[in-house]
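What follows is each chain in one-letter form.
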Amino acid sequence: MSAERTNTCLVIGAGMSGLLAANKLQEAGWAVTILDKGRGVGGRMATRRFDGASFDHGAQFFTARSDEFKGMVADWQEAGAAREWSRGFADAEGNPNEDGHPRYRGAEGMTSVPKHLARGLDVRTGEKVVRVDEDGGTWRLETESGTQATAGALIVTAPVPQALEIVGSGEYELPGPALEQLEGVSYDPCLALMALLDGPSGVPEPGGVQIKGEPLDWIGDNGLKGISRAPAVTIHAGPQWSREHYEDDEAEITAALLGFAGEFVGSNVVSTQLARWRYSWVSEPHPEPFLLAQSDPALVFCGDSFAQPKVEGASLSGLAAAGALLGEG
Ligand SMILES: Cc1cc2nc3c(=O)[nH]c(=O)nc-3n(C[C@H](O)[C@H](O)[C@H](O)COP(=O)(O)OP(=O)(O)OC[C@H]3O[C@@H](n4cnc5c(N)ncnc54)[C@H](O)[C@@H]3O)c2cc1C
């Protein structure tokens, strides 16, 4: 292995998995660069601001089950990046439904946590990777803007269907067994409507209606949540409705989702924006926390579709991917 590629790594994606993998490698003395196509960091931990309101439109909250993740969340709370939001949300009828388990949020929106994790890392946003090649034992990446980057190891954290497209974009061919396993991973889409209101919403305290059904999955009040000064709701359609209406006209989707949310909207709608998440929730995961597709030069896939879903799963998967490069058992 030549000196310049020893302990160097490129990470595609600055979501939870990519940021945590990069932090772990950097702490171990590696030189790491993260490339992300987004305007900011966070991926599906996403907060959008418009017309004086703030909306979390991807992940709404997160839970912590493992001791490892509980410890990380405690650190983020201490650093002021995360807060406990509630111990449960209203059910589909709007009745309280607390179960005693903490639900956490980013301090100023979900992006507060990835922003905190990105401090001290070399993160290049606005850099969409469009070509991946392996050349003499080194990974060579090219982005849409023409930036080129090389390293001895590569971690890919984009949702798996996108990851396969990226890795297959150049001359490189993924080994057959890895390709076969990754082709089995799938996601549900989610249509997410953000609506600024002229008065209070009908969402009860603490600011969420967890429906988990069709046509709606969730209605969140970003004001009650404590991240928006203006009254602002986020409405998530269920996976089936999202799939069936994914390509519909924005005005039609907006009208339908506001109609489904009914009295939970509670006030007049001032303005709206729609986010179309093609890959939101994992429907068919990979059973292990990461996939080492090859070891020289190393290529690792990780993210929320590996072993465990959601924010906790993505975080633990990123750490496991870095651990694989560090030779941890
Ligand atoms: C609508 C919605 C609601 C959700 N609700 C919850 C919830 O309430 N609780 C919960 O725990 N989880 C929730 N989730 C899931 C949670 O957001 C994810 O599991 C987690 O954030 C995934 O992190 P990740 O690092 O695996 O992937 P991502 O956050 O998707 O990060 C991957 C990154 O790769 C980047 N990328 C992709 N292609 C390229 C390219 N070609 N070049 C450069 N960069 C690229 C993307 O920009 C992205 O930043 C929700 C997700 C959605 C979409």
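Residues numbered from 1 in each chain as written. Predicted model: local features only at pLDDT ≥ 70, side-chain atom pairs only at ≥ 80, totals over all residues. Heavy atoms only, no water.

J.: Honestly, the side chain of Asp91 in this entry has me stumped. Any pointers?
T.: With respect to the helices, strands and loops of the structure, Asp91 is situated in the loop between strand E5 (82–88) and strand E6 (98–106). Buried and unpaired, Asp91 has Lys212 as its nearest opposite-charge partner, separated by 11 Å. Polar contacts involving the side chain of Asp91 include one to the main-chain amide nitrogen of Glu93, which spans 3.0 Å. Beyond its immediate chain neighbours, meaning those up to four positions away, Asp91 contacts Asn97, Val209 and Gln210. (Helix = DSSP H or I, 4+ residues; strand = E, 2+ residues; numbered from the N terminus. Buried < 20%, exposed > 50% of the residue type's maximum accessible area, 1.4 Å probe, protein only. Lys, Arg positive; Asp, Glu negative; His and termini not counted. Salt bridge = Lys/Arg side-chain N within 4 Å of Asp/Glu carboxyl O. Polar contact = N/O pair within 3.5 Å; in protein donor to acceptor, adjacent residues only side chain to side chain. Contact = heavy atoms within 4.5 Å.)

J.: Please explain the sheet that holds strand E12 (residues 186–197) as it appears in this structure.
T.: Paired through backbone hydrogen bonds, the strands of a sheet run either parallel or antiparallel to each other. Read across the sheet, five strands follow the order E13-E14-E15-E12-E16 without closing on themselves; strand pairing throughout is antiparallel. Strands with a single pairing partner mark the edges of an open sheet, and in this sheet they are strand E13 (208–210) and strand E16 (269–284). Geometrically, the sheet is characterised by an average inter-axis angle of 15 degrees between neighbouring strands, direction not taken into account. Alignment of E12 against E16, held across 11 bridges, turns out to be antiparallel. For Met194, the partnering residue across the bridge sits in E16 and is Gln273. (Pairing = 2+ DSSP bridges. Axes fitted to C-alpha atoms, helices over the stretch in contact; angles between N-to-C directions.)

J.: Looking at this model, I keep getting lost on the site of the ligand. Mind explaining?
T.: Taken together, 34 residues surround the ligand, and among them Ser17, Asp36, Arg44, Phe61 and Asp304 come closest. When the ligand is considered free in solution it has 1000 Å² of accessible area, and contact with the protein chains removes 95% of it. Sorting the residues of the shell around the ligand by element identifies helix H1 (16–27), helix H4 (160–167), E16 and helix H9 (310–325) as the ones contributing at least two each. Of the residues belonging to the shell around the ligand, the class tally is 14 nonpolar, 13 polar and seven charged. When we break the shell around the ligand down by domain, the ones giving at least three residues each are domain 1 (3–39 + 125–184 + 285–325) and domain 2 (48–109 + 186–283). (Near = heavy atom within 4 Å. Areas by Shrake-Rupley, 256 points an atom, 1.4 Å probe, with all protein chains shown as cover. Nonpolar A, V, L, I, M, F, W, Y, C, P; charged D, E, K, R; others polar. Domains from an automatic or database assignment.)

J.: Can you help me understand the environment of Gln181 in this one?
T.: Position of Gln181 relative to the elements: it lies in helix H5 (residues 176–183). As a C-alpha pair, Gln181 and His57 span 124 residues in sequence and 30 Å in three-dimensional space.

J.: Got a minute to help me understand the domain arrangement of the protein in this structure?
T.: It is common to give the size of an interface as the accessible area that goes away when the parts come together. Its domain assignment divides the protein into domain 1 (3–39 + 125–184 + 285–325) and domain 2 (48–109 + 186–283). Between the C-alpha centres of domain 1 and domain 2 the distance comes to 29 Å. Tallying the contact residues gives 16 residues for domain 1 and 17 residues for domain 2. Carbon and sulfur atoms supply 69% of the area buried between domain 1 and domain 2, which totals about 1300 Å² over both sides. At the boundary of domain 1 and domain 2, one finds zero salt bridges. Taken together, the links from domain 1 to domain 2 amount to four residue pairs in polar contact (both at pLDDT 80 or more). Of all the secondary structure elements, the ones that give two or more residues to the side of domain 1 that touches domain 2 are H1, H4 and H9. Sort the elements by how many residues they give to the side of domain 1 that touches domain 2 and H9 lands first, with six residues. By residue class, the composition of the side of domain 1 that touches domain 2 is nine nonpolar, four polar and three charged. (Buried area = accessible area lost by both parts, 1.4 Å probe.)

J.: Looking at this structure, I do not really get the environment of Val203. What am I missing?
T.: Looking at the secondary structure, you find Val203 in the loop between E12 and E13. Residue Val203 is classed as buried on the basis of its relative accessible area of 5%. If near-sequence neighbours (up to four positions away) are discounted, Val203 is found in contact with Gly208, Val209, Ile219, Asp221, Leu224, Val233 and Phe264.

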